[in-house]
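Chain by chain, the residues run as shown.
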Amino acid sequence: MKQLQNLSKFLLEVLEVKREQLECFADRGDLILTGKDLGNCVELGRLKYDAVFWIEKFHGDANLLLAHVMAWLSENDLERHDLNLPDPEVDISLNNRNTANVEIAISFEEPLLIVLDEEGPIFWNGKKWSVSELKVDVAEELVDMDGKSNEED
């Protein structure tokens, strides 16, 4: 639930709210078994869930809050469109002229990745595994390639 953690951390950084005012939790999750070999790790499955962000007695600019959320999503949840995730839902309840309780519900879908680990706590396919982050190997040079690039004459 990295997206939930990262967005809640971001909101605490950019909003004028105390930690006690922000409650974040996951709701209605689905586990989707995939078992995809990604080279350095295996995508055992995907977790699809609704993240709920509850801000109590919010006294800031609601448009600024919503713009922060939308900007964060556009830069940090790049798969949203491809995964056909619904747009966030917002519910604002006024307390008085100065504060409101704000609830934002956002659907996320994230991979659950594992790597081989002899000491790992997960037993799967006859081996021990640990939960992991995606590691991407970037090629720094090409060796033993024949042919020419399109730019060469």
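Source: prediction; values computed, not measured.

(A) Main features of the overall build of the protein chain. The helix and strand inventory of the protein chain stands at two helices and six strands. Tracing the protein chain from N to C terminus, the helices and strands come up as α-β-β-α-β-β-β-β. Relative to its 153 residues, the protein chain shows a buried fraction of 31%. When contacts within the protein chain are restricted to residue pairs at least 6 apart in sequence, those whose partners lie at least 24 apart make up 60%. For the protein chain, the exposed surface amounts to about 11,200 Å²; the carbon and sulfur share of it is 48%.

(B) The arrangement of the side chain of Ser130 in detail. Tracing the backbone shows Ser130 in strand β6 (residues 127-132). Its relative accessible area of 13% is what places Ser130 among the buried residues. Separated by 2.5 Å, the side chains of Ser130 and Asp117 make a polar contact.

(C) Molecular detail of the nonpolar core. Ranked by internal contacts, the top residues of the largest apolar core, which has 20 residues, are Leu11, Phe53, Ile55, Leu65, Ile106 and Phe108. Taken together, the elements giving at least two residues each to this core come down to α1 (2-14), β2 (42-58), α2 (62-76) and β4 (100-116). Leave out the neighbours within four places in its chain, and Phe108 touches Gln3, Leu4, Leu7, Leu47, Lys48, Tyr49, Ala51, Trp72, Leu73, Asp77, Arg80 and Leu85.

(D) Broad picture of a nonpolar patch on the surface. A cluster of nonpolar side chains, namely Val90, Ile92 and Leu94, defines an oily patch on the protein surface of about 290 Å² accessible area. Following the sequence through the fold, Val90 ends up in strand β3 (residues 89-94).

(E) Inspection of the pattern of salt bridges at higher detail. Tallied over the full model, the rule gives five salt bridges. Two residues, Arg46 and Glu43, come together in a salt bridge whose shortest N-O distance is 3.0 Å. Each member of the pair, Arg46 as well as Glu43, carries the same accessibility label: buried. Close ionic contact of Arg46 with Glu79 constitutes a salt bridge, the shortest N to O distance being 3.4 Å.

(F) Looking closely at α2. In a regular helix each residue adds 1.5 Å, so 15 residues correspond to 21 Å; α2 covers 21 Å between its end C-alpha atoms and thus fits that length. Within α2, the full set of buried residues consists of Leu65, His68, Val69, Trp72 and Leu73. For α2, the angular spread of the buried residues around the axis is 125°, confining them to a single face. For α2, the exposed residues set more than 90 degrees away from the buried face come down to Asn63, Ser74 and Glu75.

What counts, and at which threshold
- Residues numbered from 1 in each chain as written.
- Predicted model: local features only at pLDDT ≥ 70, side-chain atom pairs only at ≥ 80, totals over all residues.
- Heavy atoms only, no water.
- Helix = DSSP H or I, 4+ residues; strand = E, 2+ residues; numbered from the N terminus.
- Buried < 20%, exposed > 50% of the residue type's maximum accessible area, 1.4 Å probe, protein only.
- Contact = heavy atoms within 4.5 Å.
- Areas by Shrake-Rupley, 256 points an atom, 1.4 Å probe, with all protein chains shown as cover.
- Polar contact = N/O pair within 3.5 Å; in protein donor to acceptor, adjacent residues only side chain to side chain.
- Core = buried A, V, L, I, M, F, W, Y, C linked by side-chain atoms within 4.5 Å.
- Patch = residues over 30% accessible without salt bridge, like charges linked within 9 Å, V, L, I, M, F, W, Y side chains within 5 Å.
- Salt bridge = Lys/Arg side-chain N within 4 Å of Asp/Glu carboxyl O.
- Expected span 1.5 Å × (residues − 1).
- Arc of directions from axis to C-beta.

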